[in-house]
Amino acid sequence: MSDEQGRNGNGRRGAEAFELKVGLAEMMKNGVIMDVTDAEQAKIAEDSGACAVMALERVPADIRRDGGVARMSSVEMIEQIQKTVSIPVMAKVRIGHLQEARVLEAMGVDFIDESEVLTPADDEHHIAKHDYRVPFVCGARNLGEALRRIGEGAAMIRTKGEAGSGNIVEAVRHLRSVVGEMRMIQAMPEEELMATAKKMGAPYELVRYVHENGRLPVPNFAAGGIATPPDAALCRSLGAEAVFVGSGIFKSADPAARARAVVHANTHWQDPEEVLNACRGLGSAMEGIEMETLAESERLANRGW
Amino acid sequence: MDRSNASGPVVGVLGIQGDIEKHLQALERLGARGRRVLGPRDLAGLVALILPGGESTTISKGLDRHDLVKPIREFAEAGGAILGTCAGAIVLSRASTNHPVPTLGLIDIEAERNAYGTQLDSFIAPVDPPGDPAATGGQEEWAGMECVFIRAPRLRRPGPSVEVLARVDAEPVLVRSGRIWACTFHPELTDDLRVHQAWLEGLRARSMPAGPPADPSADPDR
């Protein structure tokens with residue numbers, strides 16, 4: 001690197017450039033990213049029109065059921081999925097696990113999810129994500145959390161929702177919170193920005209960016225509890241620019257049909273006739289969990305600082 | 001949906017998946033009006049269409065599911081202009097390799113998908129300078145342009161109808177065949193909109209295509 005923007009002698013920049021990380025997130029906009037646990041599921045996801053897959057050993061619903069420590073997936077499983085599909089492959093690391101992230105980077109995964117779905121490795125700090133060449137996505141429940149993660153180098157933000165619950169209520173809460181706080185900051189006079197940054201625990205420069213632009217500096221996606229085509233459309237109508245579907249597809253009666261239906265509803269979220277078409281012939285959705293039945297200690301969204 | 005009140009041409013942006021909004025914003029900045037295209041009837045009255053960046057698998061499958069393959073070919077045959085960036089360039093090509101996807105065959109070139117590797121091989125590089133003997137297409141008008149390549153394809157084996165407009169590392173990155181332009185990088189992600197601008201200027205320079213006439217009663221928001 002020869003200058004402050006990382007250009008080398010030829011004026012070239014590589015994957016460490018933040019524009020390239022955000023650029024890949026831009027390419028996933030208006031798409032559906034699906035959790036898959038093996039190559040066969042990855043193929044179904046790709047054939048249904050997913051714009052990326054998230055490789056993991058157990059979908060969140062099973063992590064929740066099985067308990068125990070949830071870690072980065074086996075490298076053989078991820079490699080098998082990388083060989084099978086041509087769409088981007090994402091994989092999860094535990095919050096703060098610098099070395100799981102280095103392993104996934106060495107494998108050439110396209111995006112890392114520093115995820116509350118896995119058992120945190122550090123209960124105070126997240127990964128310093130600017131130090132990596134691979135882009136990261138992180139979950140957020142509110143704007144302060146989103147801006148802290150972006151400050152650390154996240155190139156994409158997703159709502160946390162409540163993974164593996166099949167219940168959309170938390171994703172809706174988080175989307176409304178992030179989008180509502182952005183509206184508030186955009187409307188506020190300049191002199192209130194610093195106190196707001198302090199209150200939110202967010203970097204001042206990023207609060208300023210939101211004030212001036214009315215949006216995050218990186219794409220803002222939804223995740224956690226999306227189980228049906230109208231769930232995807234709901235997240236889009238609340239401001240999410242794409243959706244992740246975790247347990248919702250491969251825990252349903254007919255995964256291939258549901259995967260195609262969620263993709264269709266996500267593309268046509270502004271057209272109720274098309275969302276209706278997407279709802280036909282799907283069989284049963286995954287079973288859901290009422291939030292009241294989940295103790296605070298069982299809620300994955302509470303992980304992250 | 002129309003994004004500005006400018007009086008410039010109405011340009012469609014294929015709305016299936018990808019960085020659709022970035023292209024709509026680029027058009028707005030250039031005084032053109034953008035419209036999302038999600039079905040055959042959205043093509044009515046358009047003179048130009050952008051196939052955005054995104055996932056070529058998703059977009060290719062989406063074209064089929066939205067019955068857009070034949071209408072877009074007819075649009076091109078009738079003289080409609082098309083600009084494909086990255087995934088859009090793959091979709092326009094004669095054929096794709098490395099996990100092939102069905103393509104429209106509107107420009108006589110092959111697209112090798114993910115030809116540089118994974119995201120870790122994505123890069124930003126300046127266009128080759130004009131006058132480079134290896135770069136027949138090293139034109140003055142692109143001098144200094146920074147090209148953003150994200151999991152980009154490479155363009156191989158161009159047919160005689162294909163003109164190379166710009167190269168990076170002596171390889172074609174921007175090509176045209178009449179009004180069909182294919183670009184392996186993402187001009188829409190930068191503030192440098194010379195590619196969009198030059199492509200749109202081609203519309204003004206030539207007469208309107210003999211395509212389906214605009215329906216004045218059509219809802220402009222469709």
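Structure's up top.
Scope of this entry: the structure provided in the associated data block.

Procedures and definitions
Residues numbered from 1 in each chain as written. Chains lettered and ligands numbered in written order. Predicted model: local features only at pLDDT ≥ 70, side-chain atom pairs only at ≥ 80, totals over all residues. Heavy atoms only, no water. Pairing = 2+ DSSP bridges. Helix = DSSP H or I, 4+ residues; strand = E, 2+ residues; numbered from the N terminus. Contact = heavy atoms within 4.5 Å. Axes fitted to C-alpha atoms, helices over the stretch in contact; angles between N-to-C directions. Buried area = accessible area lost by both parts, 1.4 Å probe. Salt bridge = Lys/Arg side-chain N within 4 Å of Asp/Glu carboxyl O. Polar contact = N/O pair within 3.5 Å; in protein donor to acceptor, adjacent residues only side chain to side chain. Nonpolar A, V, L, I, M, F, W, Y, C, P; charged D, E, K, R; others polar. Parallel < 35°, antiparallel > 145°, perpendicular 65-115°, else oblique. Buried < 20%, exposed > 50% of the residue type's maximum accessible area, 1.4 Å probe, protein only. Arc of directions from axis to C-beta.

**Points about the sheet that holds strand β8 (residues 243-245) of chain A**
Each strand in a sheet pairs with another by means of backbone hydrogen bonds, the pair being arranged parallel or else antiparallel.
All names here are of chain A.
Thinking step 1. Strand order in the open sheet made by the eight strands is β7-β6-β5-β4-β3-β2-β1-β8, with parallel pairing throughout. Every other strand in the sheet has two partners, leaving β7 (220-221) and β8 as the edge strands with one partner each.
Thinking step 2. Pairing analysis gives two bridges linking strand β6 (residues 156-159) to β7, with the strands arranged parallel. Bridge assignment links I157 to a residue of β7, and that residue is N220.
Thinking step 3. Those strands touched by helix α5 (residues 98-107) are β3 (89-94), β4 (111-115) and β5 (136-140), and its axis lies near 160° from that of β3.

**Section: the interface of chain A and chain B**
Thinking step 1. With 43 residues of chain A at the interface, the matching set in chain B holds 40 residues.
Thinking step 2. A buried area of about 3,100 Å², summed over both sides, lies between chain A and chain B, and 52% of it is on carbon and sulfur atoms.
Thinking step 3. Taken together, the connections running from chain A to chain B amount to five salt bridges.
Thinking step 4. Our enumeration of links across chain A and chain B arrives at 22 residue pairs in polar contact (both at pLDDT 80 or more).
Thinking step 5. For the side of chain A that touches chain B, the elements supplying multiple residues, two or more each, are α1 (18-27), α2 (39-48), α4 (75-84) and α12 (255-267) of chain A.
Thinking step 6. Here the side of chain A that touches chain B gets seven residues from one element, more than from any other, and that element is α1(A).
Thinking step 7. Its residues placed into classes, the side of chain A that touches chain B shows 13 nonpolar, 15 polar and 15 charged.

**Quick look at the packing of helix α7 (residues 169-187) of chain A against helix α9 (residues 204-213) of chain A**
All names here are of chain A.
Thinking step 1. Closest axis-to-axis distance for the α7/α9 pair is 7 Å, and the angle between their directions is 80°. Classified by the angle between their axes, α7 and α9 sit roughly perpendicular to one another. Contacts from M182, I185 and Q186 in α7 reach V207, V210, H211 and N213 in α9.
Thinking step 2. For the contact of α7 with α9, the per-class residue count stands at four nonpolar, three polar and no charged.

**Remarks on helix α3 (residues 69-77) of chain B**
Because the α-helix completes a turn every 3.6 residues, residues three or four places apart line up on one side.
All names here are of chain B.
Thinking step 1. Inspection of α3 places P71, I72, F75 and A76 among the buried residues, and these make up the whole buried set. When α3 is viewed along its axis, its buried side chains cluster within an angular range of 140° and face the same direction. Summarising the geometry of α3, the exposed residues directed more than 90 degrees from the buried face are K70 and E77.
Thinking step 2. Buried residues along α3 sit in contact with β3 (48-51), α2 (56-65), β4 (81-85) and β12 (180-183).
Thinking step 3. A positive phi of about 100° marks G79, the residue just after α3.

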